[in-house]
Amino acid sequence: MDWMALEEKWRRKWEEEKYFETDPNKNKKFFVTVAYPYPNSPQHVGHGRTYTLADVHARFMRMQGYNVLFPMGFHYTGTPILGMARRVQDNDVKLLETFRTLYKVPDDKIREFVEPVKIADYFHQEIKAGMIEMGYSIDWRREFTTIDPVYSKFIEWQFGKLKEKNLIIQGTHPVGWCPKDQNPVSQHDTQGDVEPSFTEYTIIKFKYDKYIIPTATLRPETIFGVTNIWINPDFVYEIVQVDNETWIVTSECARKLEFHNKAITRLDKISGKELVGKKVKVPERDDQVLILPASFVKSENGTGIVMSVPAHAPFDYQALEDLKKEIAKYPNLSDVQNVKAISIIETEGYGQIPSLDVITRFKIEDQNSSKLEEATKEIYSKEFYGGKLKQNTGKFAGKTVAVAKDEVKKWMLQGGNADILYELNEIPIRCRCGAECVVKILSNQWFLNYSDPEWKTKVHAWINEMKILPEEIRNEFNNVVDWLRERACARQHGLGTKLPWDKNWIIESLSDSVIYMAYYTIAKYVNNKEITPENVSDAFFDYIFLNKGDPENISSQCKISPQLLEKVKNEFQYFYPVNARHSGRDLVPNHLTFFIFNHIAIFPKEYWPEEIVVNGSVLMDGKKMSKSEGNIIPLRDAIRNHGADAIRLTILISAELLQDADFNQEAVKGIKSKLENMLEECSKYRASHNTRLEQEDKWIKSRVEQLVQKTTTSIQKMRLREALHFVLYEFESDLQWYTKRALAKKREDFTGILHEITSIRVSMMSPFAPYASEEMWLRLGNTGIVSKSPWPTYHENMIDFESIQSENLLKNTIEDIKNIIKVTKITPKKITIYTPAQWKVKAYQKILSNIVAGEVNIGTLIKALIADKETEDVKKDPDFVKKTVNDILSESQEERESKNKIGLVDEKKILSELDSLVQAEFGITSQVFSESDQDKYDPKNKSKTSRPYKPAILIE
């Protein structure tokens, strides 16, 4: 199969007919967008997941009759491309090798990469080509880049609106920072696309001689329970002048403090050993505690010195106990035996020393136990939400930990006994330039005020109201809103739009990419030169997006015709809001949440986003994709090797939304082979009209109706793996059974039925595998293209439940025969089937009705059956009821209701159709008797074991 030629044929057809170019019309619209790519490298197979999910959504809704807009832009702004250009200038061997071997960039192009825009332009075209080859149904007339002049004016308008509402502020706040580029960093600026999130620690200042011994903690309220200080005796610490104090910290901590707006002077060094055994004064407490040795103290965490609260920190309790056992090694530390845990928090379910409780319960024996982490999490969580401070905490006694934590911190900061340290959550995080990132406290910087409580309240309310798929990600969004704080929205280097009121600053790359979806509605007018940079102003955008201002004045001021102005505004109002926003889970902590924040800040409620769809990442043969693993496959390479549809299906069928999909070569080959087999099959079927439907025809047509209903529901929930499983695999077994039935009966009139049901199946495959589906549609002899055909409609009244149960009975019986032969290893000469007596059938129906109605008590059922003349024979076979109840309860609710709906069936008549299958399968005949037949052949008295839908089988 020449997949490249097949794909090219259908791409040309779609392009010639402009099938995916969308303008306002009378149909209901559906606006689907996906995070636009950053063109600093070609897309790899992993990127294909998010974009393919969005394309399936767009194609499905288009077939459902919606006027679907699916556009695409390119995100040029930011610093990563600058960093790459600098590395090219510096002849970075690793990067140049990546360009040549992995990305296959020609040398003459690489030489141009000293200009950042040349990098972006090259990979822009590379990514776009890959998207077209993947079959994405994009309206390319709306393409733009974030450095286009009109787009920059749009961003200036957005920032003006936010500043008007006091949502952009100037102040001093912590940010992720690249010390080399001298810029704030966000996800797109870091290697591996890591968002530099950070934690705020409270530094508690203990005093030793003329020095401050600072410890970083997340639990300042536990200062009242400190019994000692932990220091690593193997470290060499630094004596550092911090403003007007002298601190002892690790060198890593000293470096962090340099970015915290403090005057730092490195004075001297001191070994940890020298400090062991010394005593420090505890702030706000009139006592002293020992400095004790601990190898678990890490130099890169906090200050490299840790305060110990053994009553409430399992690590501290166990380390103290371990030290007491080895005190012989430390002759100058005899006082350690007198160090006792100080309990300061009372929590339901724990005794005087909570740490001891969990250490005992978890059977922890020493400080190296892996269970200590779990024990710590348990205590911290229970104490935070349910703990109260005891009388020995002074004025904080009786307060909950949740309240006291901040109050104690504030009290200690005011008294000069504490400070603040910000630390990155993941270390190391590297900027794309290669430098290690830090947390810097920026002064006089511009920030988006995501801390604003009123703004947060509105965002929470909308997150809880809008549609988010999958549902379990909703809490993640709410958590992000809770911890989100002021975010630096401008920097002094990089590509992008200048801050309108302060041209020394450039708007940072995530801040200019939160409402760009609105720009898609006007981009085609910019691209065809109907709108130029000279035509747009804040008044223009106010009118288009907010319906504010006088159109005549704006038309005159912007030198744009009133007709065009109205047309552009109407287009925005027709397509907005965004009906579905697709993106990866890694963008929940930033872009996706900002997307909600900024829409709520700028637009009226009717334009707020309706739905967000979040997906996990893609693994390669079970491993995370990375250059170091050598397992990154550029998307276009994969398309050339396997074909677009095989890649699309492999990515989609390996996992549901939030799970990580696994792309592997064997799976893609298997799917490619399946598609080729299906293409071959489609050439065999032609449309014809069957006037007389046999039982298997009614069954397969019913199964198709059920397939339509199940698949449609799954796609609406974006459960695409499930939907594909139904269409590709589950229905395949139905087709095989139908063909087997028809051939066993030596029928020659069933290809028309196969044509009808295959056409429906192909149309449901179309959003997933558009190229193969178009070719199948053509080979089936159908008119038009399948991408524009209507999605199959579900008709419940066309489901023949009796035929479904009849075929299930036949399938299960032939399967039972095969299993018996397999187990007994018999060569069958004769097969006899026995269906149950009529009283059993009626008893079964009554039991089923009762179970569907919620009655499953066997005693109650038996009494009711014995009381009825038609079923009183149940007393001859008391086990029948119990076995029948178990039979029914082992089935799905859907199956029970289906059987209950059709009532009594003639199993003898149904199983008489088994003979053709038995002859085809085993080359012998079969007989069917009812248990109540007087002249039945039953040498082994098998018939008495028969139950409804469980015929007895005799094989001789």
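Residues numbered from 1 in each chain as written. Predicted model: local features only at pLDDT ≥ 70, side-chain atom pairs only at ≥ 80, totals over all residues. Heavy atoms only, no water.

Undergrad: In this structure, what is going on with the pairing of strand β22 (residues 502-507)? I would like to understand it.
TA: Regular strands place their side chains on alternate faces of the sheet. Where strand β20 (residues 490-491) lies against β22, 2 bridges are found, and the strand directions are antiparallel. Bridging from a neighbouring strand, Arg 491 pairs with Ile 506 of β22. Judged from the 2 bridges that link them, strand β21 (residues 498-499) and β22 form a sheet pairing that is antiparallel. Across the sheet, the residue bridging to Leu 499 is Asp 502, located in β22. Between β21 and β22, which pair antiparallel one after the other, the connecting turn spans 2 residues. (Pairing = 2+ DSSP bridges. Helix = DSSP H or I, 4+ residues; strand = E, 2+ residues; numbered from the N terminus.)

Undergrad: When you look at the nonpolar core in this model, what are you seeing that I'm missing?
TA: The nonpolar side chains of soluble globular proteins are, as a tendency, buried together. If you look at the biggest cluster of nonpolar residues, it comprises 226 residues, and the most contacted ones within it are Phe 99 and Phe 545. Other than its neighbours up to four places away in sequence, Phe 99 contacts Met 84, Val 88, Lys 104, Val 105, Ile 110, Phe 113 and Phe 123. (Core = buried A, V, L, I, M, F, W, Y, C linked by side-chain atoms within 4.5 Å. Buried < 20%, exposed > 50% of the residue type's maximum accessible area, 1.4 Å probe, protein only. Contact = heavy atoms within 4.5 Å.)

Undergrad: Whenever I open this one, helix α25 (residues 720-744) confuses me. Can you help?
TA: In an α-helix there are 3.6 residues to a turn, and that puts residues three or four apart on one side. Here α25 spans 35 Å end to end across 25 residues, near enough to the 36 Å set by a 1.5 Å rise per residue. By the largest-angle criterion, Phe 726 marks the main kink of α25, which is about 40 degrees. (Expected span 1.5 Å × (residues − 1). Bend = angle between axes of the 7 residues up to and from the residue.)

Undergrad: I'm lost on helix α28 (residues 801-824) in this one. Help?
TA: The terminal C-alpha atoms of α28, which comprises 24 residues, lie 34 Å apart, in line with the 34 Å expected from a rise of 1.5 Å per residue. Looking one or two places after α28, you find Lys 825, whose phi comes out positive at around 55 degrees.

Undergrad: What is the right way to look at the sheet that holds strand β30 (residues 952-955) in this model?
TA: If you trace the 3 strands from one edge of the open sheet to the other, you get β29-β28-β30, paired in mixed fashion. The sheet is open, and its two edges are formed by β29 (926-930) and β30, each paired on a single side. Put simply, the sheet's adjacent strands are angled 20 degrees from each other on average, direction ignored. The sheet contact formed by strand β28 (residues 831-835) and β30 spans 4 bridges and is antiparallel. Note on β30: the bridge partner recorded for Tyr 834 is Ala 952. (Axes fitted to C-alpha atoms, helices over the stretch in contact; angles between N-to-C directions.)

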